[in-house]
Amino acid sequence: MYDSENDDVIIVENLTKKFGENLVLDDVSLRIEEGKTTVVIGPSGCGKTVLVKHFIVLLRPTEGQVFFKNQRIDNLSEKHLNSIRTHYGFLFQEGALFDSFSVAENIMFPILQHYKNVDRKQIEEIVKTKLAMVGLDGFQNFYPANLSGGQKKRVALARAIALNPEIILYDEPTTGLDPIRSDIINEIVLKLQRELGVTTVVVTHDMKSAYKIADRIIMLHNGKIIADGDADHIRNHPHSVVQQFIHGQVGEDELAVLRASGSILQAQFLPRDFEK
Amino acid sequence: MMLATLGGKTVDDVTNMGRFSRFIWQSVVACCQSCLSTKTYPLIWTQMNIIGVRSVPVIMITGAFVGMTLAVQAYDQLAGMGLEEHLGVLINISVVKELGPVLAAVMLAGRIGGALTAELGTMKVTEQLDAVKSMGTDPVLHLVAPRILACMLLTPFLIIYADFMGVMGGFFVSVIQLGINGSAYWNFSASGVELWDVGIGVIKGFFFGAAIASLSCYKGFTCKEGAHGVGQACTEAFVASFISILAIDFALVIIFKAIYSTFWPLKSLV
């Protein structure tokens with residue numbers, strides 16, 4: 001269907017996703033270029049995560065198609081998908097570490113699942129390298145409960161790159177972290193992209209991080225792509241929703257709602273009414 | 001309006017039924033696969049330890065109380081007719097055929113079923129199930145199959161423990177507390193309880209174990225968001241396991257009775 005020279009690793013065509021009656025993605029078409037960092041921005045609940053989960057077919061489209069290296073993957077059986085998914089690394093929003101496993105066991109998990117006959121020494125060596133990549137070598141015997149939020153995400157990232165993926169998908173990697181920890185994550189994203197040459201897709205609503213890491217920024221709003229281009233293109237985008245989002249300003253409509261319901265009703269009791 | 005609600009409910013139920021059937025089918029395939037590959041044996045061992053070994057104490061306590069209560073309850077009626085030495089048959093046959101297996105299974109549904117649903121439900125809510133999938137591993141093969149196999153294989157053994165303690169409990173109350181002649185008690189028991197009776201009680205364990213584990217895992221996998229979702233899934237898993245234990249028990253009793261009367265037509269008349 002596509003010529004083999006094109007270097008788009010992931011192609012999404014006319015993707016529509018509904019949860020019951022709720023339309024989350026509305027006829028989205030998109031190509032992700034190989035070796036580049038693409039950042040998907042948009043307000044919470046606009047379907048960013050849903051879109052990225054389609055790239056690895058953790059969710060199946062209601063309508064439309066998903067291609068990985070010119071092979072259609074949205075209609076494959078789970079069994080076939082399992083081998084395709086080893087080309088991906090996925091960093092979940094909360095890390096999704098297995099909490100009954102130690103850090104080392106978490107990273108070993110995908111290796112033990114997919115490589116046959118590797119000896120213990122080799123695996124420990126791989127775990128050490130992967131942890132060193134995210135700057136956490138020495139934390140092998142910690143349990144997820146004993147790690148901070150940022151460390152959890154870094155361990156999860158080490159697990160995501162355990163199988164040497166070609167594509168890494170990040171779901172809100174900096175959400176819930178302080179500015180310094182966020183920047184550490186940004187640096188790791190850049191480092192992995194530089195050193196491993198992987199294709200990177202990052203979902204975020206942190207504009208600082210988006211400007212820093214992106215080769216290309218896509219903005220989703222109400223299930224549609226409303227802006228697509230490099231950082232400068234987004235900065236100077238004429239669309240008012242884009243400008244509001246990147247400057248973090250509330251729209252007039254939302255403000256009106258807040259003002260309307262913000263006053264105290266006359267009939268309402270307050271704590272002071274019960275004081276003597 | 002009412003018709004629409006009714007229709008909607010029916011569609012939901014049928015969809016759910018379909019999903020459950022697909023899940024069961026996947027689990028059966030995964031169970032066969034994990035029996036064949038030695039790689040999954042450590043997982044099964046771990047689950048056997050959690051599900052089986054650690055359930056032994058509660059199961060034994062359950063069994064003992066069943067036997068003791070039966071003895072106390074039945075003694076007065078039989079003693080009134082001067083038949084107290086027959087107490088042995090009554091207690092032991094009820095324990096090994098029905099009460100031991102069913103109550104042990106109910107106990108397991110509470111102990112294991114709840115834990116399985118809560119564990120898998122939490123994994124689902126915190127995206128750990130998606131994480132397993134995203135690393136190219138089948139969560140049914142990795143998480144469900146070992147649990148179902150462990151539960152299915154060990155429930156019969158746990159029932160043996162429950163039976164044993166039930167028999168000992170009955171003996172303790174009847175002979176030691178109520179002073180029934182010991183050798184008469186055992187003689188009547190031996191003549192009344194056959195290997196067949198013990199056997200069908202134990203065989204029921206396979207079915208109960210499979211039902212508890214598969215229902216609990218399914219409820220965990222389809223758990224809704226949040227702490228409330230996990231709690232609700234646990235409740236549903238226990239209720240569903242309990243009802244299915246009773247239903248399976250009823251069906252198996254009929255089947256075993258039919259088999260028994262086919263092979264030994266005279267004995268059932270005596």
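Going along each chain's sequence as written, the residues are numbered from 1 onward. Throughout, the order in which chains and ligands are written sets their labels, letters from A for the former and numbers from 1 for the latter. Only residues with pLDDT of 70 or above have their local features reported here, since the model is predicted, and side-chain atom pairs are shown and tallied only from 80 upward, although totals for entire chains, interfaces and linings are computed over all residues.

A. Summary view of the packing of helix H3 (residues 103-114) of chain A against helix H5 (residues 149-160) of chain A. All names here are of chain A. In the contact formed by H3 and H5, the axes pass within 8 Å of each other and the chain directions differ by 25°. It follows that H3 is roughly parallel to H5 by the angle criterion. Regarding H3 and H5, the two cross each other, and that crossing is right-handed. Residue-level contacts link Val103, Asn106, Ile107 and Pro110 of H3 to Val155, Ala158 and Arg159 of H5. Following the grouping adopted for this structure description, the nonpolar residues are Ala, Val, Leu, Ile, Met, Phe, Trp, Tyr, Cys and Pro, the charged ones are Asp, Glu, Lys and Arg, and the polar ones are all others, Gly among them. Here the residues of the contact of H3 with H5 are counted per class, giving five nonpolar, one polar and one charged. Working convention: axes come from line fits to C-alpha atoms, limited for helices to the stretch in contact. Angles between N-to-C directions cover 0 to 180 degrees. Only runs of H or I of at least four residues qualify as helices and only runs of E of at least two qualify as strands under DSSP, and these elements are numbered from the N terminus. When an angle is under 35 degrees it counts as roughly parallel; over 145 it counts as roughly antiparallel; between 65 and 115 it counts as roughly perpendicular; any other value is oblique. Note on convention: the crossing is left-handed when the near helix lies turned anticlockwise from the far helix by less than a right angle, right-handed when the turn is clockwise. C-beta atoms are placed from the backbone for every residue, and two residues are taken to be in contact when these atoms lie within 7 Å.

B. Just the packing of helix H6 (residues 139-177) of chain B against helix H8 (residues 195-221) of chain B, in detail. All names here are of chain B. For the pair H6 and H8, interaxial distance at closest approach is 7 Å and the crossing angle is 145°. For the pair H6 and H8, the sense of crossing is right-handed. Residue-level inspection shows Val144, Arg147, Ile148, Cys151, Met152, Leu154, Thr155, Pro156, Ile159, Ile160 and Asp163 of H6 in contact with H8, the latter providing Val198, Gly201, Val202, Gly205, Phe206, Phe208, Gly209, Ala210, Ile212, Ala213, Ser214 and Cys217. Its residues assigned to classes, the contact of H6 with H8 comprises 16 nonpolar, five polar and two charged.

C. Representation of the environment of B:Glu98. All names here are of chain B. Secondary-structure assignment places Glu98 in helix H4 (residues 87-125). Neighbour density around each residue's C-beta defines its exposure: 20 or more other C-beta atoms within 10 Å make it buried, 12 or fewer make it exposed, and counts between make it partly exposed, where C-beta atoms are placed from the backbone. The exposure class of Glu98 is partly exposed, given the 17 C-beta atoms found within 10 Å. For the pair formed by Glu98 and Val198, sequence separation is 100 residues and the distance between their alpha carbons is 9.7 Å.

D. The arrangement of the environment of B:Pro57 in detail. Note that B:Pro57 resides in helix H3 (residues 56-80). For B:Pro57, a count of 10 C-beta atoms within 10 Å gives the class exposed.

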